[in-house]
Amino acid sequence: MSAPLTGRRVLVVEDESLVAMLLETILEDMGCTPVGPAANVDDGLTMATDEPLDAALLDVNVAGRQVFPVAEALKARGVPFVFSTGYGEGGLPEEWRGQATIQKPFTEAAVRDALMKAMGVEQA
């Protein structure tokens, strides 16, 4: 059975190395190709602008900065993304409410479901 996310390139912007490694493992288990991880907003912005991407997982608070410039760059390119935050969607500024969000600590299923929903992929 071919997984619906196989081969998808997913940018990871996350400053906590353990969380970044966990996300890379989850993505690889789903057949995705992790891009990054970017541990700060500037690297994330470069990757969001230059890399071929199918989706992204964005930690809202990266090394003390908000990730929204990266989100803007992805939005401009039409790349779907999912925020990850310890505060849930309620921790997002008004203009980003309604954006796909997973709350930390997250499960593999939560990451998969949020990515599939963001990319418009049907559950098998």
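Residues numbered from 1 in each chain as written. Predicted model: local features only at pLDDT ≥ 70, side-chain atom pairs only at ≥ 80, totals over all residues. Heavy atoms only, no water.

(A) Just the overall build of the chain, in detail. Looking only at helices and strands, one finds 4 helices and 7 strands in the chain. For the chain, the C-alpha radius of gyration of 13 Å lies close to 14 Å, the compact-globule estimate for 124 residues. By principal-axis analysis of the C-alpha atoms, the chain measures approximately 40 × 30 × 30 Å. By sequence separation, contacts in the chain at least 24 residues apart represent 63% of the contacts at least 6 residues apart. If you sum the accessible surface of the chain, you get close to 6,200 Å²; carbon and sulfur atoms cover 50% of it. In the chain, the 9 positive side-chain charges and the 19 negative ones have mean positions that sit 5 Å from each other. (Helix = DSSP H or I, 4+ residues; strand = E, 2+ residues; numbered from the N terminus. Rg over C-alpha atoms; globule rule 2.2 N^0.38 Å. Contact = heavy atoms within 4.5 Å. Areas by Shrake-Rupley, 256 points an atom, 1.4 Å probe, with all protein chains shown as cover. Lys, Arg positive; Asp, Glu negative; His and termini not counted. Charge placed at Lys NZ, Arg CZ, Asp CG, Glu CD.)

(B) Looking closely at the environment of Phe81. Checked against the element boundaries, Phe81 lands in strand S6 (residues 81–85). Looking at Phe81, the relative accessible area reads 3%, which means it is buried. As a C-alpha pair, Phe81 and Met21 span 60 residues in sequence and 18 Å in three-dimensional space. Leave out the neighbours within four places in its chain, and Phe81 touches Ala56, Leu58, Ala71, Leu74, Lys75, Trp96, Gln99, Ala100 and Ala118. (Buried < 20%, exposed > 50% of the residue type's maximum accessible area, 1.4 Å probe, protein only.)

(C) Looking closely at the packing of helix H1 (residues 17–29) against helix H4 (residues 108–119). Orientation of H1 relative to H4, taken along the N-to-C sense of each, is 65°, at an axis distance of 10 Å. Handedness of the crossing formed by H1 with H4: right-handed. Contacts between H1 and H4 pair Leu23, Ile26, Leu27 and Asp29 from the former with Glu108, Val111 and Leu115 from the latter. Class assignment for the residues of the contact of H1 with H4 results in 5 nonpolar, no polar and 2 charged. (Axes fitted to C-alpha atoms, helices over the stretch in contact; angles between N-to-C directions. Left-handed = near helix turned anticlockwise from the far one by under 90°. Nonpolar A, V, L, I, M, F, W, Y, C, P; charged D, E, K, R; others polar.)

(D) Region of the structure containing the side chain of Lys104. Looking at the element boundaries, Lys104 is found in the loop between strand S7 (101–103) and H4. Within the structure, Lys104 has its side chain in polar contact with the side chain of Glu14 (distance 3.1 Å). (Polar contact = N/O pair within 3.5 Å; in protein donor to acceptor, adjacent residues only side chain to side chain.)

(E) Spatial organisation of the packing of helix H2 (residues 41–50) against helix H3 (residues 68–77). Contact geometry for H2 and H3: axes closest at 9 Å, N-to-C directions at 5°. Between H2 and H3, the angle falls in the class roughly parallel. On H3, the residues that touch Val41, Gly44, Leu45, Met47, Ala48, Thr49 and Asp50 of H2 are Pro69, Val70, Ala73, Leu74 and Arg77. By residue class, the composition of the contact of H2 with H3 is 8 nonpolar, 2 polar and 2 charged. (Parallel < 35°, antiparallel > 145°, perpendicular 65-115°, else oblique.)

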